[in-house]
Amino acid sequence: MASLLYRLGRFSFRRRKRVVAVWLLLLALLGGAAAGLMGPTSDKFTIPGTESQHALDALKKQFPQASGTTGTIVLAAPEGGTLDKAAVAPVVRDAAAVPGVVGAVDPFQAGTVSEDGRYALVQVQFDTVADEVTDEQRAAYEKVGAAEEENGLRVEHGGEVLKSEVEVGSTEAIGVLIAAGVLVVTFGSMVAAGMTLLNALVGVAAGMAGLFALSSVVELTSTAPILALMLGLAVGIDYSLFITSRHRQYLAEGVDAEEAAGRAVGTAGSAVVFAGATVVIALAGLTVVNIPFLSVMGLAAAGTVAVAVLVALTLLPALIGFAGDRVLPRKQRAGHAPAEAGDPAEQPREGAGFRWGRTVTRFRVPVLLVGILGLGVLALPASDMRLALPDAGTAAEGSAIREAYDLTSEGFGPGFNGRLIAVVSSDDAATTSAAAKEAAARIKATKDVLTVAPPLLNKQGTTALLTVIPKAGPTDEATENVVHTVRDRVADIGDGGVAGAKGAEVELSGTTAVGIDVSEKVADAMLVYLLLVVGLSILLLMLVFRSLLVPVKAALGFLLTIGATFGITVAIFQQGTFAELVGIDVPGPLVSFLPILLIGILFGLAMDYEVFLVSRMREDFVHGAGAQEATVSGMGHNARVVTAAALIMTAVFGGFIFMPDPIIKSMGFALAVGVLVDAFVVRMALVPAVMSLLGRAAWWLPRSVDRILPNLDIEGESLQRELVPEQRRRAADKDKDKDADAVRV
């Protein structure tokens, strides 16, 4: 692979104008496709096969009027006042007149007026799902009650219909600006920093354009493009950084520009291919858990990462060709020949990476104890982790749905925001009626259920809806218990245990129940996926490093990273410790799919740093260096680049913390923390400490296993063997030219 990439790098350098033209053309075509074919994104987090989803699917067929999205208009009289029918009637009338609304329920008829008479809820039923409601319809809905508001009533609009799609804002630019600053400091060259950043932005633009072009045929969740943008930016900058750094290293050794570009792509590019492939496999592996929206998110992000790898291997060497020696700091541009070996004064000073490597290897046991115990303590809050889909209570303060949520809780209690729907259906109206009556009685007698509304029947009388109001909020643990208890209590109603109800089916659904089902399905899949990822890491690293203990060490380090990341995220987002620092005013459960996404993404990124650090250790070891010397050398040569890469990834991910959406905020925070923990604690401290402790045993592999494993040659050994004769030939040609010149003289 190294030889193939070496030739690709030299080709892209020589044919740089054509390569850039091809990428610009491709970018234009993808952009045009995205503009013409882009479809809407969705906020549906559902899993086929769950009870709640089965009930909703059946509802569309048997009771279509009640299967669309809903809205809730919350009315409140001034403090000390009460609402009357005359004040509420215009709101109900105007809500019913909104395009797409099939009905608005008078709160005095439905009994949704608070005991003190100050608050009321107007339930609004639309004829389509939330994703199909137009902006014009939403605008009309939000104008309902404007006249009454002028007369002193407080009117807040909420419900599923107002759940907005996540949009990319200006806050992400903060992370990009910080990344640019890190690149400038790392390279000491504005040209090198700008070229690296430009390369990454082209990759992200191409990946995102391709993703949006596919959105017309693939249903994308609104978070999928954001996740793809996060990863595309982070890995795009990092991969370009690694290759550019290696190119500059070869230039400093006196290699000409084209040859340096080829070698950089052949060596660092090999590691980039492996690292990128690891991220892609881990993300694509989310399809194994058989959760559709997770599969789409994983594949979308994987596609963007794959494009970032391709851009780094082809467009970057072309840009390097245009940049010339300007990729070097100004003081090195006059000439970058290596220092004479016999002149100690001209030898480069030993960097901080070497000093850090020697310190860690010297104090390896204390470093291991402090690192492992420290990460273990940080992981403790993870034992209390709870998962749920976010509700309006976690929306940004001041948003319409948050104001409606808070006002509903104030007037009626938190349970009115977590309403459940019991769907009772059969082939016969009398059977449905008997089953609904029995289900209502059993549900009402369930602990932590506040009330059950009278059944709402379809025209045929074969399907009935029971609105169930729990005492606790939608993400409260008590509500989760209510869902399980109710399902257990109504399970046998249609089995002949109730007179006249045989053959009826009772299922619990609604937004709250869907969220609980999704969270439990994801939690069940998480352990399987974690085992899959850990097993994959051991196998892949065994192929790369031809070692048994190095992969095991890497996998254990990854588990420490995941544990500490989960613990810190739970402590802040769920338990509320320092929550105000990240803009969280109401702590709550983690987003249900966040942990499994973190496992996939952080696995890929952790393997990135493992490969870039340990591959240099192995490279020096196989070329004759001692185990301790190789460990220090690996840290010395790559610590600076890995540090810059980790800071860049942290900055890019951290930029998303400033977004108001709780899902994106928690994803950005957890990824930023995970990168910091993995790069600076696990890879930069624990890895060299363990490698030093193991010594030569770290590179042991049974001969029988060694014979059957293919040689991936990440270190570029085969390329080195090819280049040595070529270098000798060139040197011989130069000597002949010198001799010829001497003869002529």
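Treat the numbers as computed from the prediction; the structure is a model and nothing was measured. (Residues numbered from 1 in each chain as written. Predicted model: local features only at pLDDT ≥ 70, side-chain atom pairs only at ≥ 80, totals over all residues. Heavy atoms only, no water.)

K.L.:
Describe the pattern of salt bridges, naming the residues involved and giving the relevant values.
P.N.:
On inspection of all chains with the given rule, the structure shows 17 salt bridges. Between R154 and E156 there is a salt bridge; the shortest N-O distance is 3.1 Å. Overall, the relative accessible area of 32% leaves R154 in the partly exposed class. Here D492 and R442 are joined by a salt bridge, their closest N and O atoms 2.6 Å apart. Remark: R442 occurs in helix 16 (residues 429–444) and D492 occurs in the loop between helix 17 (477–490) and strand 10 (505–509); sequence separation between them is 50 residues. Residue R442 is classed as buried on the basis of its relative accessible area of 18%. Each of R10, R14, E258, E259 and R263 takes part in a single network of salt bridges with overlapping partners. (Salt bridge = Lys/Arg side-chain N within 4 Å of Asp/Glu carboxyl O. Buried < 20%, exposed > 50% of the residue type's maximum accessible area, 1.4 Å probe, protein only. Helix = DSSP H or I, 4+ residues; strand = E, 2+ residues; numbered from the N terminus.)

K.L.:
Please give an account of the packing of aromatic side chains that cites residues and values.
P.N.:
The tally for this structure, following the rule as stated, stands at 5 aromatic pairs. For the pair F126 and Y141, a centre-to-centre distance of 5.9 Å together with 70° between the ring planes defines the contact as edge-to-face. Taken as a pair, F126 in strand 3 (residues 119–126) and Y141 in helix 6 (residues 135–143) lie far apart in primary sequence, 15 residues in all. You'll find F126 and Y141 in the same group, each marked buried. Directly above the ring of F322 sits R16, whose terminal nitrogen or CZ lies 5.8 Å from the centroid. The cationic tip of R263 hangs over the ring face of Y250; the distance from NZ or CZ to the ring centre is 5.8 Å. (Phe/Tyr/Trp six-rings, centres within 6.5 Å; stacked < 30°, edge-to-face > 60°. Lys NZ or Arg CZ within 6 Å of the ring centre and 35° of its normal.)

K.L.:
Could you give an account of helix 18 (residues 511–545), naming the residues involved and the relevant values?
P.N.:
A rise of 1.5 Å per residue sets the reference length of helix 18, with its 35 residues, at 51 Å; its end C-alpha atoms lie 49 Å apart and thus fit the reference within 8%. Considering bend angle alone, the principal kink of helix 18 is centred on M526 and spans about 30°. Where helix 18 terminates, the next one or two residues include R546, which has phi positive at roughly 50°. (Expected span 1.5 Å × (residues − 1). Bend = angle between axes of the 7 residues up to and from the residue.)

K.L.:
How would you sum up helix 14 (residues 364–379)? Please name residues and give values.
P.N.:
End to end, helix 14 covers 22 Å across 16 residues, agreeing with the expected 22 Å (1.5 Å per residue, within 8%). Within the sequence span of helix 14, burial applies to L368, G371 and L375. For helix 14, the angular spread of the buried residues around the axis is 75°, confining them to a single face. Among the exposed residues of helix 14, those oriented more than 90 degrees off its buried face are L369, V370, L373 and V377. Buried residues belonging to helix 14 abut helix 19 (549–574) and helix 22 (662–694). (Arc of directions from axis to C-beta. Contact = heavy atoms within 4.5 Å.)

K.L.:
Can you lay out the packing of helix 19 against helix 22 for me, pointing to particular residues and giving the numbers?
P.N.:
Closest axis-to-axis distance for the helix 19/helix 22 pair is 8 Å, and the angle between their directions is 145°. Between helix 19 and helix 22 lies a crossing of right-handed hand. Partitioning the contact of helix 19 with helix 22 into residue classes produces 19 nonpolar, 6 polar and 4 charged. (Axes fitted to C-alpha atoms, helices over the stretch in contact; angles between N-to-C directions. Left-handed = near helix turned anticlockwise from the far one by under 90°. Nonpolar A, V, L, I, M, F, W, Y, C, P; charged D, E, K, R; others polar.)

K.L.:
Break down the environment of V155 for me, citing the residues and quoting the values.
P.N.:
Here V155 shows up in strand 4 (residues 154–158). Taking the C-alpha atoms as reference points, V155 and A404, 249 residues apart in sequence, are found 8.3 Å from one another.

K.L.:
Tell me about the sheet that holds strand 4, residues and numbers included.
P.N.:
Within a sheet, neighbouring strands are paired by backbone hydrogen bonds and run either parallel or antiparallel to one another. The antiparallel open sheet is built from 4 strands, whose spatial order is 2-3-1-4. Whereas interior strands pair on both sides, the edge strands pair on one side only; in this sheet they are strand 2 (101–105) and strand 4. For this sheet the average axis-to-axis angle between neighbouring strands, irrespective of direction, equals 20°. As paired elements, strand 1 (residues 70–76) and strand 3 share 7 bridges and run antiparallel to each other. Opposite L75, over in strand 3, you have A120 as the bridge partner. Packed onto the sheet, helix 4 (residues 85–96) meets strand 1, strand 2 and strand 3 and runs at close to 165° relative to strand 2. Across the face of the sheet, helix 15 (residues 400–412) comes into contact with strand 1, strand 3 and strand 4 while running at roughly 115° to strand 4. (Pairing = 2+ DSSP bridges.)

K.L.:
Which residues make up the environment of L387, and what values go with them?
P.N.:
Secondary-structure assignment places L387 in strand 5 (residues 387–388). C-alpha of L387 to C-alpha of A670: the two residues are 283 residues apart in sequence and 15 Å apart in space. Not counting residues within four places of it along the chain, the set of residues in contact with L387 comprises S519, A523, P589, L590, V591, S592 and P595.

K.L.:
Can you break down the nonpolar core residue by residue, with the values?
P.N.:
Core analysis: the largest hydrophobic core is formed by 146 residues, its most contacted members being F558, F593 and F653. Filtering out sequence-adjacent residues up to four positions away, F558 remains in contact with L530, V533, V534, I599, L602, F603, A606 and R683. One finds A95, A104, L153 and V161 within the second-largest nonpolar core, a separate group that totals 26 residues. (Core = buried A, V, L, I, M, F, W, Y, C linked by side-chain atoms within 4.5 Å.)

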